[in-house]
Amino acid sequence: MLTPPPEENTAIPPSSDPNNGSPSFNLVSTYKNILSTDLLITKPIAAIESLISLLSASPPSTISETLSLLESATSELKDSVPNSIALSAGTDLFQRYLISTLQQGSAQSAKSKGKRSSSGGDGDFRAIRAHLLANGRLFAQRANESRGQIAKVARKFVRDGCTVLTCGRSRVVAAVLGAAAEDGAKFRVVYAQDSNDGLSKNSADIVTELWRKDIPVATITFAALAASLPYVTFALVGAESVVENGGIVSGMGTNQMGLLAKSVGKPFYVVAESHKFVRVHPLSGDDLPLGQKVLDFSTQSREEEKEHEEGKRKAGDEVVDFTPPNLITAIVTESGVQTPSAVSEELIKIWF
Amino acid sequence: MPSSAGVLTPALTTFSRSVRNRGTPIESSIENLISLLKRRQIRDSKPCAMATAYLLRRVVETFKIADVSGLIERVQQVGERLLAAQPRELAIGNIVRRVLGVIREEAEEDRDGETSGYSDADTDSRPHSAGENGSRLPEAPGAVSRALLSSPLRRGASDQPSLEPHEDGAFQRLPVLTAHASYASTNTGPVVTSMFSLLSHPRSNVALPTATPGSQSAESHPPLSNTALANLTAAKDLRAEIVEGIQEILEELNQADDQIAGYCLEHIHSNEVILTHTSSITVQKFLLKAAAKRKFTVIHAETFPNHHESTHATVIGKAKGESDDELRPESFQKSLTAAGITVILIPDSAVFALMSRVNKVILDTHIVLANGGLVAAAGAKVVAKAASMHRTPVIVLSGVYKLSPVYPFDIDSLMENGDPAGVIGYGDGDMVNKVEFENPLFDHIPPELVDLYITNLGGHAPTYLYRIIADHYRAEDTELDKLNAYQ
Amino acid sequence: MAPSESAQDDTMPSEKDRLDKKVTNGEQKVASMAEHIPGTNGTGEAAKGSEQGQKLADVPKEKELSGKEKKELAKAQKIAKRAAEKQKQQGQPAVDLVAGNKGELPKDSGKKGPLGPATPAKTQHKKTGSTSAGAQSSLPHRQALSHAAPAAAEPGKENKNVALFDHLYGHPRRTTVAGAGKDVHPAVLALGIQMRNYIVCGSSARCVAMLLVFKRVIESYTTPPRNSLPRHLTILLSSQIDYLVSCRPISISMGNAIRWLKVEISNVDVSTPESQAKSDLCDLIDTYVREKVTVADQVIANKANDKIEDGDVIMTFAKSSIVQQTLVEAFRRGKRFRVIVVDSRPLLEGKNLARALADLGLEVQYSLTHGISHVIRDTTKVFLGAHAMMSTGLYSRVGTALVAMSAKEANVPVIVCCESVKLTERVALDSFVHNEVAPAEELIIQGKPSSPLSKWVDVPNLQLLNLMYDLTPAEYINMVVTEYGIIPPSSVPVIIRLSTNT
């Protein structure tokens with residue numbers, strides 16, 4: 001029941017080339033396309049959507065064929081980006097959903113019909129496949145709605161007279177603060193960013209949005225974080241992924257904010273949809289498969305360095321860091337406020 | 001509840017007697033309790049919990065059950081009124097939620113019995129029948145519906161976006177409420193996770209009664225409850241079962257202290273120095289039970305000015321008559337000193353000075369919150385903080401009935417100020433007009449200052465408390481308290 | 001007595017009256033208590049002590065009135081002895097006044113008595129100055145408390161000492177002058193009893209009072225034949241000190257002053273005429289008191305004032321005279337701030353501070369240790385007084401550490417005001433190394449005759465612990481304001497070195 005390999009359910013031998021079902025389909029470009037066209041979508045959801053597209057582009061086949069197709073497609077997708085943690089939250093969830101649904105289905109049908117039948121499993125599989133294919137967009141919509149639900153809960157942290165410290169370009173944070181502002185809460189925001197020469201493009205949205213709602217915002221550089229903390233009520237950040245121990249992978253600087261907040265005893269809240277939970281358990285920040293270089297030692301001159309940096313920026317993914325769970329006061333998901341220790345339970349359950 | 005009669009505080013005893021009297025109209029019982037709560041004649045978690053249970057048992061007994069959703073609505077209404085009368089006594093809300101859980105549970109079992117066509121061979125006793133929902137899915141009914149229903153946690157992530165989110169919604173795996181008393185989470189139903197809700201079938205949510213949260217559930221209830229619950233034939237049996245369930249909650253309330261005491265030998269060892277604060281029956285029973293087997297030393301902070309009288313009485317071993325704050329079971333007569341334990345009474349100010357010699361701090365609590373923090377008698381915060389500065393473990397004893405699913409967004413709303421006279425003392429009346437006196441009754445202790453909780457179910461790390469809480473309350477009842485739901 | 005009494009009589013008559021009334025009430029209460037508990041602790045010896053103490057306690061008053069201390073004291077001693085003998089003969093325990101007068105005491109001391117001309121112009125603790133009516137009537141109560149502490153010494157009785165602090169109990173506090181060394185000066189005899197009863201209380205106040213009494217010892221001193229002043233006076237002084245210690249353990253500041261004085265005495269040139277040497281020493285003492293306390297306090301109050309700004313909410317614990325002076329100075333300068341006084345049982349010293357500040361017109365909030373975590377949230381600065389300051393931490397009234405800890409947690413700066421005479425090179429990691437265990441009876445709540453604790457001695461295995469001080473770790477303290485400047489705790493030894501070398 002726990003981990004029967006999918007092959008057990010079928011007598012059909014695995015296909016030699018899992019990708020030959022979809023010769024014309026390019027998973028990586030689909031994924032990147034989804035990410036770039038839908039500004040609201042998160043990486044895990046984009047990954048799920050691309051996998052669904054892959055399924056629909058490939059002809060129906062057996063369970064085992066489909067699963068191995070998904071597996072190879074997933075690893076291809078992961079290889080195509082430097083930081084695959086976020087998208088693997090989506091691909092893992094997708095895979096586990098398929099498998100556990102099939103397991104439960106076959107277990108149940110075996111019991112209720114009093115006999116073991118592999119055809120029952122295949123029947124289930126067809127139904128699930130149809131369900132997934134039919135509802136591809138629904139999942140993204142649900143993910144967006146869960147953002148609204150998080151905002152409803154986390155908004156209660158934003159009380160009149162408080163000062164919220166945040167950073168990054170989390171859409172959930174924007175939703176939370178936006179919801180609070182719309183409710184008429186009187187609060188202020190301190191926004192930390194890399195440099196103070198104007199708002200960077202990424203951060204502009206959240207800050208201008210708050211300004212538009214008459215919420216006073218002070219923008220500071222990360223260098224001014226420690227100096228600003230005494231005036232702050234709590235920190236509120238989003239996350240790219242939430243890992244097994246309840247720590248988060250988020251934009252570079254989040255860990256620093258968490259450390260500083262802890263040192264002065266300010267609450268540090270994380271808002272993240274539960275589909276960002278991912279079964280990765282890092283020992284520390286450098287134990288993550290990030291494919292990024294935090295330190296880049298050099299003897300080059302400044303100008304050359306700058307060029308070098310710009311080149312890196314173009315390469316795509318923004319840099320991230322890891323914030324350990326002991327720095328996190330609470331994680332707000334669409335299901336409510338939970339402690340970091342509760343993350344693991346959800347993950348254990350999808351793999352159990 | 002004859003077993004508990006006679007050990008209650010006067011106000012509670014009187015109330016329990018009057019509420020049991022069949023001649024008393026239910027409405028006057030409700031009003032009676034509300035005024036008792038408002039006047040603080042019934043206060044503290046245990047008396048409030050018991051009074052609430054008594055009242056709700058009567059509410060259930062007198063309610064004409066046409067359908068279950070009506071009863072749920074009725075209990076919710078009564079619960080809201082009680083909470084409005086005394087919003088700081090979260091134990092009231094806890095019991096209301098537990099009773100609602102019992103009602104829902106019984107109703108679902110009942111429905112299962114009637115409607116579970118081809119899925120009753122299920123080994124798991126999850127509340128939902130797959131049959132009805134499954135039949136709506138043309139292809140492969142069994143598998144899909146089972147998978148979808150296996151997540152009772154899911155509360156309409158997308159289909160019902162208008163729903164209120166739950167604060168503890170993440171812990172929504174519903175327990176199998178076969179026993180209504182608190183139970184260890186040993187049941188091994190299929191594991192389900194809210195994470196799958198993202199991918200679940202869109203239609204399934206509609207059919208789930210548990211997907212409807214909060215108190216609106218009764219009005220806006222989806223079809224199932226109206227169809228399946230409305231035509232309950234065995235309403236009387238149902239009522240009897242619900243009353244039985246409330247009875248079990250009452251028994252749990254009475255036994256909690258003794259059950260907690262049962263874990264004492266795991267935590268108190270020979271020659272240890274234990275520091276405690278306030279005079280709590282729970283803590284005294286715990287220590288006393290350990291004293292039967294082991295020799296240790298107790299340092300007792302007197303908790304001036306709100307609890308010192310009972311503390312002094314406790315260390316002297318003089319059970320002062322029935323005091324209003326304490327339930328004093330007859331069995332509890334012996335003092336720790338009489339049991340051969342050295343008890344050192346200290347003023348609260350000496351806590352820091354002594355902490356370096358203390359092995360464990362054992363605290364009583366007023367209420368435990370969903371984040372693992374707690375609300376305890378004023379002064380407990382500095383005790384816990386001093387302990388954490390000295391790396392001394394802090395153990396909190398709390399019956400499960402004190403665990404509240406409410407996330408403390410607004411700690412201040414749970415705080416209360418006492419009579420300034422406690423601080424001024426007599427004969428300093430001249431200062432009243434010149435000086436502002438502060439006499440808080442409660443402290444909030446954040447979760448990081450607590451090392452271990454011991455409930456009637458055993459010891460729990462504060463990080464696992466979320467699960468114990470989730471096991472005892474239905475997600476849809478979390479936001480029972482409308483006062484707290486929106487600030 | 002005189003030495004301990006200090007200047008300014010700014011007591012309002014109304015307050016005086018009220019105090020007198022209260023004191024009377026207190027006496028009545030004590031009397032009624034006595035009826036309830038005959039011979040609770042009572043061996044004849046203990047009772048004798050109590051009786052004597054009471055007799056003696058009346059002495060200061062008479063002396064003060066007459067001003068003939070020596071005679072009076074001798075008389076008192078005689079009376080006490082006689083009483084003791086009488087009791088012994090009768091073998092009958094006297095009525096035991098277990099009941100202290102906890103609640104009332106601070107109020108008694110709320111009064112400032114007339115100050116002697118030579119003393120620093122302030123009351124260290126208000127208790128310091130209590131004289132006349134307040135002092136008179138409060139004395140017996142204190143006295144009554146006093147003898148109960150030494151339960152340990154009595155055979156066949158359960159040891160009521162808290163084992164963790166066994167090293168601090170030492171000898172039970174002396175309750176009478178009986179048995180004091182013959183060469184103990186009468187003024188010293190009286191001061192010892194006053195200290196023992198918290199009439200003279202507070203680290204600096206005790207130090208100053210002691211020095212002034214020593215001045216009288218020196219004034220009345222004559223070098224015996226075949227002896228030199230430096231050698232013999234030192235010995236004489238030592239016996240005075242031994243007596244004071246037997247009344248109540250001496251404070252760090254007293255120890256520092258004694259060390260200084262002994263050095264000065266030993267530095268006296270044997271060739272100096274005795275009268276010259278004596279007046280030189282007296283001048284030195286006056287200078288020391290002025291520099292180390294009077295002026296130092298003014299300097300500290302001024303320096304600490306730089307740290308008070310408009311809008312501040314300042315928390316303090318119990319009552320420190322230097323903190324009071326600082327706050328009053330700030331108020332005088334027109335700064336707008338609020339004060340939160342946190343207090344604790346059993347001494348409730350902070351009540352006097354709260355009252356004094358409120359009378360001046362300051363905005364004052366008052367709470368007890370149980371409210372720390374609430375009031376700290378409004379606080380912007382914490383000002384603390386000191387009994388002694390070590391490089392490892394602040395040694396001050398028990399409960400101070402809780403305040404400083406809470407302040408640290410809330411990121412509120414903690415400022416210690418402390419004369420350099422309180423700095424010490426001694427070190428301690430916790431409150432066990434140095435401390436003082438006060439009589440447990442002080443913890444019994446007075447007023448209601450039914451206080452369950454009044455019978456604590458009869459409850460086996462029950463102990464009451466009444467610690468006087470605790471050690472606040474240096475990490476909780478942001479700065480120490482001394483007359484030499486504002487320093488971090490780590491620089492305490494530096495100041496000690498510099499100040500003792502010069």
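In the nomenclature of an unreviewed UniProt entry, chain B corresponds to Translation initiation factor eIF2B subunit beta from the organism Letharia lupina. Looking at chain B in UniProt, the text filed under Subcellular location (unreviewed entry) is "Cytoplasm, Cytosol". Comment text from UniProt for chain B, heading Sequence similarities (unreviewed entry), reads "Belongs to the eIF-2B alpha/beta/delta subunits family."

As annotated in an unreviewed UniProt entry, chain A carries the name Translation initiation factor eIF2B subunit alpha and is attributed to Letharia lupina. UniProt annotates chain A under Subcellular location (unreviewed entry) with the comment "Cytoplasm, Cytosol".

When its secondary structure is counted, chain B shows 17 helices and eleven strands. Evaluated residue by residue, chain B yields a buried proportion of 60% over its 487 residues. Long-range pairs, those at least 24 residues apart, make up 77% of the contacts in chain B with a sequence separation of at least 6.

Attention now moves to the interface of chain B and chain C. With 47 residues of chain B in contact, the opposing surface of chain C contributes 47 residues. Every element with two or more residues in the side of chain B that touches chain C is listed here: α12 (308–316), β3 (342–346), α13 (351–355), α14 (380–389) and β8 (435–438) of chain B. Across four bridges, the pairing between β8 of chain B and strand β3 (residues 363–368) of chain C is parallel. Its bridge partner being in β3 of chain C, Val-435 of chain B is matched across the sheet by Val-364 of chain C.

Take the sheet that holds strand β5 (residues 367–368) of chain B next. Backbone hydrogen bonds hold the strands of a sheet together, and the pairing may be parallel or antiparallel. Residues and elements named next belong to chain B. If you trace the three strands from one edge of the open sheet to the other, you get β5-β6-β9, paired in antiparallel fashion. Of all the strands in the sheet, just β5 and β9 (442–445) have a single pairing partner and so form its edges. Taken together, the four bridges between strand β6 (residues 374–377) and β9 define a ladder with antiparallel strand orientation. Looking at β9, one finds that Leu-374 is bridged to Ile-445.

Let us now look at the nonpolar core. Counting 340 residues, the largest nonpolar core has Val-176 and Val-271 of chain A together with Val-416 of chain C as its most contacted members. Discounting chain neighbours no more than four positions away, the residues touching Val-271 of chain A are Ile-150, Ala-154, Val-172, Val-173, Val-176, Leu-236, Gly-238 and Val-332 of chain A.

Further remarks concern helix α7 (residues 171–182) of chain A. All names here are of chain A. The terminal C-alpha atoms of α7 lie 16 Å apart, and with twelve residues this matches the ideal 16 Å at 1.5 Å per residue to within 8%. Of all the twelve residues making up α7, ten are buried; the element is thus mostly covered by neighbouring parts of the structure. Restricting attention to buried positions, one finds in α7 the residues Arg-171, Val-172, Val-173, Ala-174, Ala-175, Val-176, Leu-177, Gly-178, Ala-180 and Ala-181. Where α7 terminates, the next one or two residues include Gly-184, which has phi positive at roughly 85°.

Before going further, it helps to spend a moment on the environment of Ala-261 of chain A. Residue and element names in this part refer to chain A. When you line up the elements, Ala-261 lands in helix α10 (residues 254–263). When the 23 C-beta atoms within 10 Å are taken as the criterion, Ala-261 is described as buried. Between the alpha carbons of Ala-261 and Pro-230 there is a distance of 9.3 Å; along the sequence they are 31 residues apart. For Ala-261, the contacting residues outside a window of four places in its chain are Leu-229, Ala-235, Lys-266 and Phe-268.

With that settled, consider the sheet that holds strand β11 (residues 336–338) of chain A. All names here are of chain A. One open sheet holds the seven strands; their spatial order is β3-β2-β1-β4-β7-β10-β11, and the pairing between them is mixed. Looking at which strands have only one partner, the edges of the open sheet turn out to be β3 (217–221) and β11. Averaged over all neighbouring strand pairs, the angle between strand axes comes to 25°, with direction disregarded. Packed onto the sheet, α7 meets β1 (163–167), β2 (188–193), β4 (234–238) and β7 (268–271) and runs at close to 130° relative to β4. Those strands touched by α10 are β1, β2, β4 and β7, and its axis lies near 160° from that of β4.

Residues and elements named next belong to chain A. Look at helix α1 (residues 27–37) against helix α3 (residues 63–80): their axes get within 9 Å of each other, and the N-to-C directions meet at 60°. One element, α1, and the other, α3, form an angle in the oblique class. Along this stretch, α1 crosses α3, giving a crossing that reads as right-handed. Taken together, the residues of α3 that come into contact with α1 (itself represented by Leu-27, Val-28 and Tyr-31) are Ala-73, Glu-76, Leu-77 and Ser-80. Residues that form the contact of α1 with α3 fall into these classes: five nonpolar, one polar and one charged.

Calculation rules
Residues numbered from 1 in each chain as written. Chains lettered and ligands numbered in written order. Predicted model: local features only at pLDDT ≥ 70, side-chain atom pairs only at ≥ 80, totals over all residues. UniProt positions renumbered as here; feature names shortened; annotations may be inferred. Helix = DSSP H or I, 4+ residues; strand = E, 2+ residues; numbered from the N terminus. Buried ≥ 20, exposed ≤ 12 C-beta atoms within 10 Å, placed from the backbone. Contact = placed C-beta atoms within 7 Å. Pairing = 2+ DSSP bridges. Core = buried A, V, L, I, M, F, W, Y, C linked by C-beta atoms within 7 Å. Expected span 1.5 Å × (residues − 1). Axes fitted to C-alpha atoms, helices over the stretch in contact; angles between N-to-C directions. Parallel < 35°, antiparallel > 145°, perpendicular 65-115°, else oblique. Left-handed = near helix turned anticlockwise from the far one by under 90°. Nonpolar A, V, L, I, M, F, W, Y, C, P; charged D, E, K, R; others polar.

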